[in-house]
Amino acid sequence: MDWDEEYDLLAAGGGAAESSFIERVRNALPDDDDLPIPDAPRRPAPIPLAQPTEDETPLQQLIRHWINERNCPDILPAQEELLVTILDHIRRQSQTVQLLRDDASTSEDEHVRIMLAQTEMERVKFIVRSYIRTRQYKIDKYARFIRTDAEVQRRLTAGERDHASRYANILDRHLYKCVLQSLPPEQAHLDDSPGFVPSMITQPDKTRPVFVHALQDCPPIRLPDGTALEMQKGHISLVPYYVVEQLVARGEVELV
Amino acid sequence: MALQESLRVSLTPPELELIACQQPIEIVPLISMERTAFISGAYGPLRPPHKATVPIWMALNLKSKKKCHIVAPEWLNVEFLQDRLGRETSQPGFSDLPFRFAEVSKVLLDVASDDLENPDKIRSLLKNLREARQAKCRDGLGTLDHSELSLPNLCSMEINEIRPFFVQSMHLLTQLQRQPPTAP
């Protein structure tokens, strides 16, 4: 049965898809036929990347990114690899379930397993959908800003970038056809930034406060009133987003 | 739009419940099951008289089909909550409770109240705790400024509850703060 293969895969090292190729090579057992290469430069053991997420499963990571995305005023970097891992896993799991369902000899006990596996798949799919929709919502909202800003474009996937630029173009054309074409040309711009009023291009407001929860002890951060704050693990605080932006990016805190 | 209006400001309580139900909990299974790989990890094997650890959602699912008993977490009993309620009313800070205690206690009381000792007493203690903590939250609003507000031991459901108002207030204070340098 495929269940057991899946289990073996998981037991063998967290599942093939979960670690990158490099990670697997690094963790590989030394082969018998691998002679030590004498002239290899002696280097200290590879420094592990700063990964506070080490003991997090892919699903836990996705949940963290999903909540961060929901609570964050800005668009966070896309987690494409993680999504691929999770989607692959869902696909494998649903194939297994399908196989077992079609098998007439499947026992009553197996039905409980199937039911639980299906329940879990629905839960995970809900999270995946909600995560993608949250990004989609922000991309639509800031589409015209994304078109002009290279930095935020780097945080999107190719598909998201494509969507943003098409959406912005359609919106511009619509506004032009409905209203702007009948206005005098000097009032027909969509990107004026006159003083005293906000710019016409909606930008993520990084001063919006967020609730942060420190996952580990964090380096001191500078608060808007000039004082420094050093968050211990487990600390919960309400601060403007730009103050903790770097900590969120490094995964040292999560938004709650 | 991609995201419904009601979901834009913050997470909803059912979503918090979904997240909380990923946490592990102990059960005493009434059916046996081989060790099985799920997306969140491998669970089992379930052997009837022995305890096993599974995610809460799985425990609830099995419980509602009468296929297991749930072992209450160590904090979900009358003595512990009584103690915390005592601290809550006698000390100024928030007492130390699990981050997602509100969600977990709700689902367990809903589905598995027969596995808990004295569920009615637990319910009323939780309600008292909630009210005591809520009052402190409201007092906390007085100390809000434009830069930072520390909220040790606040739990996820409470954060979600105060979020819209606190975020809006602090945002407004930030905007007011920014005015002086730009004005002549």
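Everything numeric here is computed off the predicted structure, so don't read it as measured data.

S.K.: So what's going on with the overall build of chain B? Which residues, and what values?
M.R.: Within chain B one finds seven helices and six strands. The helix and strand sequence of chain B, counted from the amino end, reads α-α-β-β-β-β-α-β-α-α-α-β-α. Here the C-alpha coordinates of chain B stretch approximately 75 × 45 × 20 Å along the principal axes. Excluding contacts between residues fewer than 6 apart, the proportion of contacts in chain B whose partners are at least 24 apart in sequence is 66%. Entry remark: accessible area of chain B is about 9200 Å², with carbon and sulfur atoms responsible for 55%.

S.K.: For the pairing of strand β1 (residues 24-29) of chain B, give the residues involved together with the corresponding values.
M.R.: All names here are of chain B. Residue alternation in β1 divides its side chains into a buried set, Ile-25, Ile-27 and Pro-29, and an unburied set, Pro-24, Glu-26 and Val-28. Inspection of the sheet shows β1 paired to strand β4 (residues 52-55) by four bridges, in the antiparallel sense. In the sheet register, Ile-27 faces β4, and the bridge partner there is Ala-52. Looking at chain direction, β1 and strand β5 (residues 68-70) are connected through three bridges and run antiparallel. Its bridge partner being in β5, Pro-29 is matched across the sheet by Cys-68.

S.K.: Lay out the sheet that holds strand β6 (residues 149-150) of chain B with the relevant residues and their values.
M.R.: What the four strands build is an open sheet, ordered β5(A)-β1(A)-β4(A)-β6(B); its pairing is antiparallel. Each edge of the open sheet is held by one strand with a lone partner, namely β5 (253-255) of chain A together with β6 of chain B.

S.K.: Describe the UniProt feature "domain: DNA replication complex GINS protein SLD5 C-terminal" (unreviewed entry) in chain A, and please don't skip the residues or the numbers.
M.R.: Mapped onto this numbering, the UniProt entry annotates "domain: DNA replication complex GINS protein SLD5 C-terminal" (unreviewed entry) at residues 204-256 of chain A. Secondary structure across residues 204-256 of chain A divides into 19% helix and 34% strand, with the first and last C-alpha atoms of the span separated by 19 Å.

S.K.: Go over the sheet that holds β5(B) with me, naming the residues and quoting the values.
M.R.: As a general point, the strands of a sheet are linked pairwise by backbone hydrogen bonds and lie either parallel or antiparallel. All names here are of chain B. The three strands lie next to each other as β4-β1-β5, forming an open sheet whose pairing is antiparallel. Of all strands in the sheet, those with a lone pairing partner are β4 and β5, marking the two edges. Taken pair by pair, the neighbouring strands of this sheet meet at an average axis angle of 50°, ignoring direction.

S.K.: Which residues make up the side chain of Ser130(A), and what are the values?
M.R.: Checked against the element boundaries, Ser130(A) lands in helix α5 (residues 108-141). When sequence neighbours within four positions are dropped, the list of residues in contact with Ser130(A) reads Trp66(A), Arg70(A) and Glu15(B).

S.K.: Quick one: what's the story with the UniProt feature "domain: DNA replication complex GINS protein PSF2 N-terminal" (unreviewed entry) in chain B, residue by residue and with numbers?
M.R.: The UniProt record marks residues 12-71 of chain B with the feature "domain: DNA replication complex GINS protein PSF2 N-terminal" (unreviewed entry), using the residue numbering of this structure. Its end C-alpha atoms 27 Å apart, residues 12-71 of chain B is made of 28% helix and 32% strand.

S.K.: Would you mind going over the environment of Gln232(A) in detail, with residue names and values included?
M.R.: When you line up the elements, Gln232(A) lands in the loop between β3 (228-229) and β4 (236-240). Separated by 46 residues in the primary sequence, Gln232(A) and Glu186(A) place their C-alpha atoms 54 Å from one another.

S.K.: Summarise the UniProt feature "domain: GINS subunit" (unreviewed entry) in chain A; cite the residues concerned and give the values.
M.R.: Here, UniProt's "domain: GINS subunit" (unreviewed entry) annotation points to residues 100-175 of chain A. For residues 100-175 of chain A, the helix share is 86%, the strand share is 0%, and the end-to-end C-alpha distance is 54 Å.

S.K.: Could you give an account of the packing of helix α3 (residues 58-71) of chain A against helix α2 (residues 13-20) of chain B, with specific residues and numbers?
M.R.: Where α3(A) contacts α2(B), the axes come no closer than 12 Å and their chain directions differ by 160°. Classified by the angle between their axes, α3(A) and α2(B) sit roughly antiparallel to one another. For the element pair α3(A) and α2(B), the recorded crossing hand is left-handed. Contacts between α3(A) and α2(B) pair Ile63(A), Trp66(A), Ile67(A) and Arg70(A) from the former with Glu15(B), Leu18(B) and Ile19(B) from the latter. Here the contact of α3(A) with α2(B) is composed, by residue class, of five nonpolar, no polar and two charged.

Rules of the game
Residues numbered from 1 in each chain as written. Chains lettered and ligands numbered in written order. Predicted model: local features only at pLDDT ≥ 70, side-chain atom pairs only at ≥ 80, totals over all residues. Heavy atoms only, no water. Helix = DSSP H or I, 4+ residues; strand = E, 2+ residues; numbered from the N terminus. Contact = heavy atoms within 4.5 Å. Areas by Shrake-Rupley, 256 points an atom, 1.4 Å probe, with all protein chains shown as cover. Buried < 20%, exposed > 50% of the residue type's maximum accessible area, 1.4 Å probe, protein only. Pairing = 2+ DSSP bridges. UniProt positions renumbered as here; feature names shortened; annotations may be inferred. Axes fitted to C-alpha atoms, helices over the stretch in contact; angles between N-to-C directions. Parallel < 35°, antiparallel > 145°, perpendicular 65-115°, else oblique. Left-handed = near helix turned anticlockwise from the far one by under 90°. Nonpolar A, V, L, I, M, F, W, Y, C, P; charged D, E, K, R; others polar.

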